[in-house]
Every structure is written in C-alpha cells, then in structure tokens.
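The residues making up each chain are set out below.
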Amino acid sequence: MNFIRKYFQLDKYNTSIKVEFIAGLTTFISMSYILFVNPSVLGASGMNTGAVFTATALASALGTAIMGIVANYPIGEAPALGINAFFAYTVCVGMHVSWQTALASVFVASIIFILITLFKLREKIIDSIPADLKFAISSGIGLFIAFLGLQNGKLIVANKSTLVGLGSLHDPLIWITIFGLLVTVILMILGVPGAIFIGMVLAAIFGICTGQIALPHKVISTAPSLAPTFGQAIFHVKDINSVQMWVVVLTFLLVTFFDTAGTLIGLAQQAGFMKNNKMPRVGKALAADSSAMAVGSILGTSPVGAFVESSAGIAVGGRTGLTAVFVAIFFLISMIFSPLLGVFTSQVTAPALIIVGVLMAQNTAHIHWNKLEIAVPAFLIILGMPLTYSISDGLSWGMISYPICMLAAKRGKEISPMMWVLFFVFIIFLWVLNF
C-alpha cells in the first residue's frame, strides 16, 4: 500500500486509495457504454461484433493502464465515438474499403501519431489549425453521430420526396429509442453518474418487456475470440497504395489528433492540473493514446483516445493514475459479459449516440460567428458532415473554403503553411473520390 501511495503521489494530490477506487468505478460506469456501442457501429462495416467487443475491452484497458501508470492521470481511454463512425460509415460503407484495409489505415496513422509525439511535433501541428475550425470539426462530428443515432433508432428514415423524414410511431422499435432517450436525458440533467449506461440498460429492459428484444441465453461467458480481427491491420498495410487511402490515413490522424488533444486539455483544466496554461507530463499522456491506438488497430478496433466521460471520476475526487488503473481493471473484468451484446440493439445504443452528439455540439459556442471568413468554413464543416454522411467530406469543405475566405477578407498572412498543405490535400481528395 505504501508503494502505491508513493508511486501515484496520493498524499500530494490529497486523495486516498478508497477515493481513487470510487472515482475509477464512476469513470468506468460512465464510459462502459462504449463496450456495446462500438461493436454496433463497427459491425456496419462487416466486422465480427464479438471480436470487436473483446478488442474494445482490451484496447481500453491497455490505453487506460498506460495513462495511469506512465502519465499518472485519472483519465480513461477507449475507442472514440465519431472516429468509429467515420471508420464504418464513411471509409467502409461510403468508400467501399474493406474493414481490414481500414484497420491498416488506423495502424499507419497510429505509427505517424507515435512519431510526431516523440518528436514533439503534435503541439505545433495543432497550433497551425485555427481554433474555430477545431471546434467546428468536433461539433460537426457531434451532429454526424447524432444523425446516426436518430437513424439507428428509426426516429429519422429515408423519404423519397424530402430525402429524410420522421419515422413512424407505429413501429414498436422506435419506442425503445424514445424511452431510452428520455430516461438518459433526465438522468443526465439530474447529474446521475453513468447516466448513459443506465439509460441503455433501462432501454434494453424496456425492449425485453415489450417483446422487441430477445432475452440472452446467459449473462456470463468467456470473452469472444479475437481471431476474426487480430493482426488484420498489419496484414493489409500493403493495401494503402493510393491517394484516396492516404487521405483516409490523414483523416484518421487529424480527427483523433484534435479530439484527444481537446479532451486531455479539458480534463486537465477540470482537475486543476494546468500550470501557466500548460499541461504537465503532456508528452506521456499523448504517448498513452498513440500507443493504445496502435495496439487497438492490431487487436481490431477503431482509434483509441482519451474519453471525456473521465470527468465523472474527476468530479468525485479522482486525481491520480490510480483511478485509471482501476478503470483498466474493470475493463478486463467486463470481457466476461459478452452475451449481453445481443440485448444492446441499435435502438438501445441510439440514445447514447444522440446524447454524445449533443455534448460535442456544444463546441459551436466557441466559434466566432460574427466573422464571415470564419463562419462560412466552420458552418460548411458542421453541416457538411451529416449531410454528406461523411466526416472527411465535411472536413474538406471547410479546409478548402477557409484559405479562400481568409484571402477575401485580406487576412491571407494569417493562413499557416499547414492550412495551405491541407487545402491542396483535400482538393486532391475530392478529385480522387469523383474521378
């Protein structure tokens, strides 16, 4: 016990093993929905959901353990919502890329991620892209995720006259989503820890009671095999041999880049770790998510990054890496509950997607809407992602229009060299997609 107290500096941060345990449990409950949502989302690409479940648990446990032991931060790691939707719906479904090749793209992006972290280039690249566009990217992904949730929950359906329309209330499945969404919203407003997970459980029970979801034959079993997905990322690296695939790699890199960086900074501010506007041990924290992303791709899951739900554990007193270690242990234990995957249908997980979309869309408040040269590219990113059903397409609209708008506003000197690079990269990207 003394070793644990000294290693994690519990006395320095005025905490205890008991407090860290409670914080770890709170964080795990708050982010555990990803165990069931991630297989549901990635399953759309053709991946084996059982293997994805196990890969999600192992990658989350590893990334979180590294974050706790190496960086000494109370931050949980797991495959991020948004980038997994890009993986499944944009790359695999939209671009007709096999999930094996998509995993290879994640792996290559993670290697680049590790290199730029080692050479401390990550912060410089982040600084080169305007803050307004970073907020727009996060907000746009939020709208895209919410749109997916509304579709999965049958609240929005295809309509020949208007492209999309309201789903039929006569469909019994839609009521699972409506019930889950109302319960989750109420729990979140009341500040109940783990509201998203509890909402999913109650929605599943509602579906079982109404006869729309079959009861599982058992609750506990051995973890599903990783065989269907393990190592596919490495075997298919050779398939990344076109401009289109390298743009996919770049998009995985950029989206994970901004999402994780923003989350880490926000959580560090909440916990009071920031000193002179800088985050202590930031290099170690960045190494945790980049290494977890690499291992996760090999196991068989989309990019792993810091989870904003870690704020729940921080709120109840978690201040050191011991919190993260407990979260990692809970993820390992969770692998025996795979039979419950069948209960967590797309209608059950839909409210989680919608709520996370709401949370991410809050970033629109930080955009300078009063400056048209900023508002136009930001708006195109936010609107483009859900309407084109593609994170990368929406991103391209903003990255291409930004330099043009800034030149028109006679602010060309403010355009960073990296933004000009991205301007041409995304022009090539759109050309490749169309021709």
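Residues numbered from 1 in each chain as written. Predicted model: local features only at pLDDT ≥ 70, side-chain atom pairs only at ≥ 80, totals over all residues. Heavy atoms only, no water.

Our working rule: UniProt positions are given in the numbering used here, feature names are shortened, and annotations may be inferred rather than shown by experiment.
For the protein chain, an unreviewed UniProt entry supplies the name Guanine permease and the organism Lactobacillus gallinarum. According to UniProt, the comment filed for the protein chain under the heading Sequence similarities (unreviewed entry) is "Belongs to the nucleobase:cation symporter-2 (NCS2) (TC 2.A.40) family. Azg-like subfamily."

Describing the overall build of the protein chain
Test applied: Each helix is a run of H or I in the DSSP string that is no shorter than four residues. Each strand is a run of E no shorter than two, and both are numbered from the N terminus. Atoms considered for the radius of gyration are the C-alpha atoms alone. The globule rule reads 2.2 Å times the number of residues to the power 0.38. Every residue pair with non-hydrogen atoms within 4.5 Å of one another is taken to be in contact. In these tables, accessible area is a Shrake-Rupley quantity obtained with a 1.4 Å probe, and a residue counts as shielded only by the protein chains included in the view. Two residue types count as positive, namely Lys and Arg, and two as negative, namely Asp and Glu; His and chain ends fall outside the count. Where a charge lies is defined by one atom per residue type: Lys uses NZ, Arg uses CZ, Asp uses CG and Glu uses CD.
Each helix and strand counted, the protein chain has 19 helices and four strands in total. For 435 residues, the compact-globule formula gives about 22 Å, and the C-alpha radius of gyration of the protein chain, at 21 Å, lands near that figure. For the protein chain, the proportion of contacts with a sequence separation of at least 24, taken over those separated by at least 6, is 80%. Here the protein chain has roughly 18100 Å² of accessible surface; of this, 69% comes from carbon and sulfur atoms. Seen as two clouds, the 21 positive and the 14 negative side-chain charges of the protein chain have centres 6 Å apart.

Side note on the pairing of strand β2 (residues 156-159)
Spelled out, the test is: Any two strands with at least two DSSP-identified bridges between them are counted as paired.
Bridge analysis of β2 against strand β3 (residues 163-166) gives four bridges, and the strand direction is antiparallel. Pairing of A158 across the sheet is with V164, part of β3. Hairpin geometry of β2 and β3 is characterised by an intervening segment of three residues between the two adjacent antiparallel strands.

A short note on a nonpolar patch on the surface
The cut-off we apply is this: In this analysis, a patch consists of residues with relative accessible area above 30% that form no salt bridge, clustered at 9 Å for like charges and at 5 Å for the nonpolar side chains Val, Leu, Ile, Met, Phe, Trp and Tyr. We count a salt bridge whenever a side-chain nitrogen from Lys or Arg sits within 4 Å of a carboxyl oxygen from Asp or Glu.
Where nonpolar side chains cluster on the molecular surface, the patch consists of I111, L115, L118, F119 and L121 and spans about 500 Å² of accessible area. Mapping I111 onto the fold places it in helix α6 (residues 99-118).

So, unusual backbone geometry
Within the chain, N72 stands out as a residue other than glycine whose phi angle is a positive 60 degrees. Among the secondary structure elements, N72 is positioned in the loop between α4 (49-69) and β1 (77-79). Backbone geometry at K410 places phi at a positive 60 degrees, although glycine is not the residue there. Locating K410 in the fold gives a position in the loop between α18 (391-408) and α19 (417-434).

Considerations on the nonpolar core
To keep it simple, the criterion reads: We define the nonpolar core as a collection of buried residues of types Ala, Val, Leu, Ile, Met, Phe, Trp, Tyr and Cys that are connected through side-chain atoms lying within 4.5 Å of one another. For every residue, the accessible area obtained with a 1.4 Å probe (protein chains only) is divided by the maximum for its type, and the residue is called buried under 20%, exposed over 50%, and partly exposed between those limits. The start and end points of each domain follow an automatic or database-based domain assignment.
Within the largest apolar cluster, 106 residues are counted, with the highest numbers of intra-cluster contacts made by Y33, F87, M200, F252 and M399. In terms of residues, this core owes the most to one element, α6, which gives 10 residues. Counting the residues that make up this core, at least three belong to each of domain 1 (13-219 + 256-360) and domain 2 (368-434). Beyond its immediate chain neighbours, meaning those up to four positions away, M399 contacts I129, L133, I137, M419, L422, F423 and F426. By size, the runner-up hydrophobic cluster in this structure holds 16 residues, among which are Y13, Y73, M279 and I314.

Here we look at the environment of A271
Along the chain, A271 falls in helix α12 (residues 243-271). Between the C-alpha atoms of A271 and L202, which are 69 residues apart in sequence, the distance is 31 Å. In this structure, A271 is in contact with I314 and R319, ignoring residues within four places of it in sequence.

Overview of the domain arrangement of the protein chain
Note: interface size is frequently given as the accessible area lost on complex formation between the parts. Using the following cut-off: Summed over both partners, the accessible surface that disappears when two parts come together, traced with a 1.4 Å probe, is what is meant by buried area. N or O atoms closer than or at 3.5 Å make up a polar contact, with two conditions inside protein: a donor-capable atom paired with an acceptor-capable one, and, for residues adjacent in sequence, both atoms drawn from side chains. In this classification, the charged set is Asp, Glu, Lys and Arg, the nonpolar set is Ala, Val, Leu, Ile, Met, Phe, Trp, Tyr, Cys and Pro, and all remaining amino acids, among them Gly, are polar.
Taken domain by domain, the protein chain consists of domain 1 (13-219 + 256-360) and domain 2 (368-434). For domain 1 and domain 2, the distance between their C-alpha centres works out to 27 Å. Each partner contributes residues to the interface: domain 1 has 21 residues there, and domain 2 has 21 residues. In total, about 1800 Å² of surface goes out of reach between domain 1 and domain 2, with carbon and sulfur atoms giving 80% of it. Of all residues in domain 1, D132, L133 and F144 bury the most surface against domain 2, accounting for 28% of the area lost on that side. Between domain 1 and domain 2 we count zero salt bridges in total. Summed over the shared surface of domain 1 and domain 2, the number is two residue pairs in polar contact (both at pLDDT 80 or more). At the level of elements, α5 (83-94), α7 (122-128) and α8 (131-152) are the ones that each hand at least two residues to the side of domain 1 that touches domain 2. With 12 residues, the top contributor of residues to the side of domain 1 that touches domain 2 is α8. Counted by class, the side of domain 1 that touches domain 2 contains 14 nonpolar, six polar and one charged residues.

Regarding the packing of α5 against α8
When two helices pack together, their arrangement is given by the angle between their axes and by how far apart the axes lie. As a reminder, the rule being used: Simply put, an axis is a line fit to the C-alpha atoms, just over the touching stretch for a helix, and the angle between two N-to-C directions goes from 0 to 180 degrees. For this classification, under 35 degrees means roughly parallel, over 145 means roughly antiparallel, 65 to 115 means roughly perpendicular, and everything else is oblique. By the definition used in this description, the sense in which the near helix is turned from the far one sets the handedness, with an anticlockwise turn below a right angle giving left-handed and a clockwise turn giving right-handed.
Between α5 and α8, the least distance of the axes is 11 Å, while the angle of their chain directions is 65 degrees. For the element pair α5 / α8, the angle class is roughly perpendicular. In the crossing of α5 with α8, the sense of the turn from one axis to the other is left-handed. In contact with A85, Y89 and T90 of α5, α8 contributes F144, L148 and N152. Grouping the constituent residues of the contact of α5 with α8 by class yields four nonpolar, two polar and no charged.

Some words on the pattern of salt bridges
One pass over the full model with this rule turns up three salt bridges. The salt bridge involving R5 is made with D11; its shortest N-O contact spans 2.5 Å. By relative accessible area, D11 is classed as exposed at 57%. Among the salt bridges present, the one from E373 reaches R411, with a minimum N-O distance of 2.6 Å. Taken as a pair, E373 in helix α17 (residues 372-388) and R411 in the loop between α18 and α19 lie far apart in primary sequence, 38 residues in all. Each member of the pair E373 and R411 is classed as buried.

Structural notes on the packing of aromatic side chains
Filter applied, for reference: Note on aromatic pairs: the rings of Phe, Tyr and Trp (six-membered ring only in Trp) are paired at centre separations within 6.5 Å, and the planes decide the class, stacked below 30 degrees, edge-to-face beyond 60, tilted for the rest.
Applying the stated criterion across every chain yields a total of 16 aromatic pairs. Judged by centre distance (5.9 Å) and plane angle (45 degrees), the rings of F36 and F53 are tilted. On the criterion of sequence distance, the pair formed by F36 in helix α3 (residues 34-42) and F53 in helix α4 is long-range, its members being 17 residues apart. By relative accessible area, F36 is classed as buried at 6%. The class for F53 is buried, based on a relative accessible area of 0%.

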